[in-house]
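# A look at the structure
Each chain, written out:
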Amino acid sequence: MNRYIFFLMLIVLSNPLLAVDDKFALGDIFSKDIEELINIKVDTVLSASKTDEKIHYAPAAVTVFNRYQIEAFGCRTLADILNLVRGFYITYDYNYHYTGIRGLYKPGDYNSRILLLIDGHQINDNIYDQAFIGTDFLLDIDLIDRIEVIRGPASSLYGGNALFGVINIITRNLDSQEFAVSYGSNDTYKMRLTLSHNPEEKMKFMASATYYRSLGADLYFKELEARGYGDGRNYIGDYDRYPSFFAKSTLGELTVFGGYISRTKGIPTGAWGVVFNDKRNKSVDNRGFFELRYDKKFEENLGLMVRFFYDSYEYEGHYVYEDDIQRESDRGGQIGAEVKGSIEKSKYNFNIGFEIRDSFMQNLTVYSEENGYTFDLRHDSFSSGVYLGFIYNLLSNLRLNLSSRYDYFEYYDDALSSRFALIYSFDDKSVFKLIAGNAYRPPNIYETYYNDNGLTQKAPDHLNSEMIYQTEVVYEYYFSEDMSMNTAIYYSDIENMIGFGTDPLDGLIVASNLPSFRLIGFEWRSVYSSQSGRMLSMNYNYSHLLDDVQNSFPQHMIKIRGAYPLFQNRLIPAFSFNFISSTKTIRNNDIDPAFFLNLNLLYKGIYDHFDLSLGIYNLLNQKYYVPASVEHNMDSIVQQGATYLLKLGGYF
């Protein structure tokens, strides 16, 4: 029923009443007053402080990935984009994509420690806290204008889920009609149609629909063959398909936007002990949201933002066992509101906000054809939070940024989180940031309550909220308008991280709090990026655990990417290279180091209104593995070899 509700919402939105790169020329920027800086065209970021600010002022190590880079490097999913960003480690188990960040990764954690936003709206669901980043991501990649990646604890503004960072997707404002079709490996098709209408400057409308289908790869798992699962090959189980919709309408200060996706994915790995090579094993994720927002700037630099939102999530799991068929049905729904007031002056900026969330539905159900309902949870919860943000220019080259938030939870302990940052410029080319903060994440419903009556998983007796305390030093140097370098050194103290393991007494999967541990890390990035589109970026990431705890994040990562437009910038060849050092599986076995190379050729302006691109991924057909999670019968999962995607897009 929810899919039809959201489809009707999108039709209603279809009336005419609507709805960067991380470099800049620093120059003598710190010698100027704030008012003078307003007219300087440099990149800004919204997500770090919940207010627009220049990237060099942001109280975090920030990456802004813009639309040009998405096109040039042939990114197919949000996971592809994050794979190009320093500090991110992406894995795929042929059901979902997962990401670790800054030295921390627990296989199968559903990306619950990263807050994912679309235009400031939280996409993490209220059952698993999952941030979808693969083909299950609600928004078509072509609709992205830019992505703001904020590293480090951010609960002081956003509350739970912002444990390791925030990813905010900023959508495009279109003034034309667009279409795109693509075909690739594994008999993969994708079609998109986007319509827009902008009758006046303050009236904008955009609606987009996408359909995707892939028959999937023929997969071979040597571990499953060794365990007697036939020849270890799955020929039919890797299928993937979805329709998705997104619409945004703006009239002056009022914006209405929302979206919906229904993604069906085969489970080809035999996870949870299901019958191998049976295409009836599948996951279905339905995710939708709707938001109404009023954002007004008044005289005397006063601002008011009010938003109301509704979110829906449904999961249907179909698992075939030798002597039974099990169906899991999870339902999540929430409504909420946020009010934020702001004052912006030349010397300071002050924000105060209040947010409430009513999770009126958090239901988990497991049904067995042999035994009937084995688990049926009906749950709801309420939370609220108040936050403050304060920015003060102590000197012309010294800024203080403070934020703090207090959250109330109906079933868990209240939480207080804060962040402190000093941003200082030594001269007109360098920026130094000292940042300290903490963040939290309460256990989600799945971790707290899920069990399937002793078949594969049971509920824990008790779980505590996760906490992180992090101190970070960031240094940025700008050689010129086109060339910059930045480094970051951070120290993290993590308490009560939740992980899934197997209870040795009964062999069942169960969630538990891990012992506290500490981590240090180092990031380095150097980038050349010209106005003509030529770019070369080199990233290095190092992380080291100071305590003995299971972790599957690679200690070393190197990422290099480059693009060089030719023939009056119409042909853009681009490459990306990733090196990953040895990683540990959850059973503490070693996975060999790996590297892969991607190549994309983009030709813009075919017959004026058409673009054509060819992407080849894992060009050298490298065979590499990533850690498997506890529900798998193998220790590691082989990733796809060489694949391609041919894409044609145009506008009219």
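Since the model is a prediction, treat every value here as computed from it, not as a measurement.

## Thoughts on the nonpolar core
Soluble globular proteins tend to pack their nonpolar side chains together in the buried interior. Of all hydrophobic cores here, the largest spans 57 residues; its most connected members are Leu-78, Ile-81, Ile-118, Ile-147, Ile-169 and Phe-246. If we ignore the near neighbours within four places in the chain, the residues touching Ile-147 are Thr-63, Val-64, Phe-65, Leu-78, Ile-81, Ile-167, Asn-168 and Ile-169. Residues Tyr-110, Ile-127, Ile-267 and Ala-628 belong to the second largest nonpolar core, which totals 40 residues.

## Brief notes about the packing of aromatic side chains
On inspection of all chains with the given rule, the structure shows 34 aromatic pairs. Considering the side-chain rings of Tyr-89 and Tyr-105, the 5.6 Å spacing of their centres and the 90° angle between planes classify their relative orientation as edge-to-face. Residue Tyr-89 is found in strand β4 (residues 88-92), and its partner Tyr-105 is found in the loop between β5 (97-101) and β6 (114-118); the two are separated by 16 residues along the sequence. Given a relative accessible area of 3%, Tyr-105 falls into the buried group. Pairing Tyr-367 with Tyr-373 gives two aromatic rings, centres 4.9 Å apart and planes at 65°, and the pair type is edge-to-face. The exposure class of Tyr-373 is exposed, given its relative accessible area of 58%.

## Some words on the side chain of His-318
Within the fold, His-318 resides in strand β18 (residues 302-320). When its relative accessible area of 14% is taken as the criterion, His-318 is described as buried. Polar side-chain contacts of His-318 include one of 2.9 Å to the backbone oxygen of Arg-280. If sequence neighbours within four positions are ignored, His-318 has contacts with Arg-280, Asn-281, Lys-282, Ile-325, Gln-326 and Arg-327.

## As for the environment of Tyr-651
Its location among the elements puts Tyr-651 in strand β40 (residues 643-651). A relative accessible area of 38% places Tyr-651 in the partly exposed class. A C-alpha to C-alpha distance of 47 Å links Tyr-651 and Ile-325, two positions 326 residues apart in sequence.

## Observations concerning the environment of Tyr-348
Mapped onto the elements, Tyr-348 comes out in strand β20 (residues 348-368). Between the C-alpha atom of Tyr-348 and that of Thr-171, which follows or precedes it by 177 residues, the distance is 29 Å. Excluding its chain neighbours within four sequence positions, the residues that come into contact with Tyr-348 are Ile-343, Phe-390, Ile-391 and Tyr-392.

## Let's talk about the environment of Glu-200
On the secondary structure map, Glu-200 appears in strand β11 (residues 188-200). Take Glu-200: its relative accessible area is 52%, and that puts it in the exposed class. Along the primary structure Glu-200 and His-56 are separated by 144 residues, whereas in three dimensions their C-alpha atoms are 34 Å apart.

## Some thoughts on the sheet that holds strand β7 (residues 121-122)
What links the strands of a sheet is backbone hydrogen bonding, and the strands pair in either a parallel or an antiparallel sense. Ordered in space as β3-β8-β9-β6-β7, the five strands form an open sheet in which the pairing is mixed. Across the chains shown, the open sheet's two edge strands, defined by having one partner strand only, are β3 (62-66) and β7. Summarising the sheet, β6 and β7 pair through two bridges and their orientation is antiparallel. Bridge pairing links Leu-117 to Gln-122 in β7.

## Overview of the confidence of the model for the chain
Residue-level pLDDT values for the chain average 90, and 94% of them are 70 or greater. Within the model, the stretch residues 1-42 combines pLDDT values under 50 with 118 contacts to residues more than four positions away or in other chains.

Cut-offs applied
- Residue numbering note: each chain is counted from 1, following its sequence as written.
- Two thresholds apply to this predicted model, a pLDDT of at least 70 for residue-level local features and 80 or more for giving and counting side-chain atom pairs, whereas whole-chain, interface and lining totals are computed over all residues.
- The side-chain numbers reported here are obtained from all heavy atoms of the structure, hydrogens and water having been left aside.
- Residues belong to a common nonpolar core when they are buried Ala, Val, Leu, Ile, Met, Phe, Trp, Tyr or Cys residues joined through side-chain atoms within 4.5 Å.
- Only protein chains enter the accessibility calculation, which uses a 1.4 Å probe. A residue is then buried if its area is under 20% of the maximum for its type, exposed if over 50%, and partly exposed in between.
- By the convention used here, residues are in contact when the closest approach between their heavy atoms is within 4.5 Å.
- Only centres within 6.5 Å qualify two rings of Phe, Tyr or Trp (six-membered ring in Trp) as a pair; their planes then separate them into stacked at under 30 degrees, edge-to-face at over 60, and tilted for everything else.
- Numbering of helices and strands runs from the N terminus; a helix is a DSSP stretch of H or I covering at least four residues, while a strand is a stretch of E covering at least two.
- We define a polar contact as two N or O atoms separated by no more than 3.5 Å, with the added condition that, inside protein, one atom must be a possible hydrogen donor and the other a possible acceptor, whereas residues neighbouring each other in sequence contribute only through side-chain atom pairs.
- Strands are treated as partners if at least two bridges between them are detected by DSSP.
- pLDDT measures how confident the predictor is about each residue, on a scale from 0 to 100.

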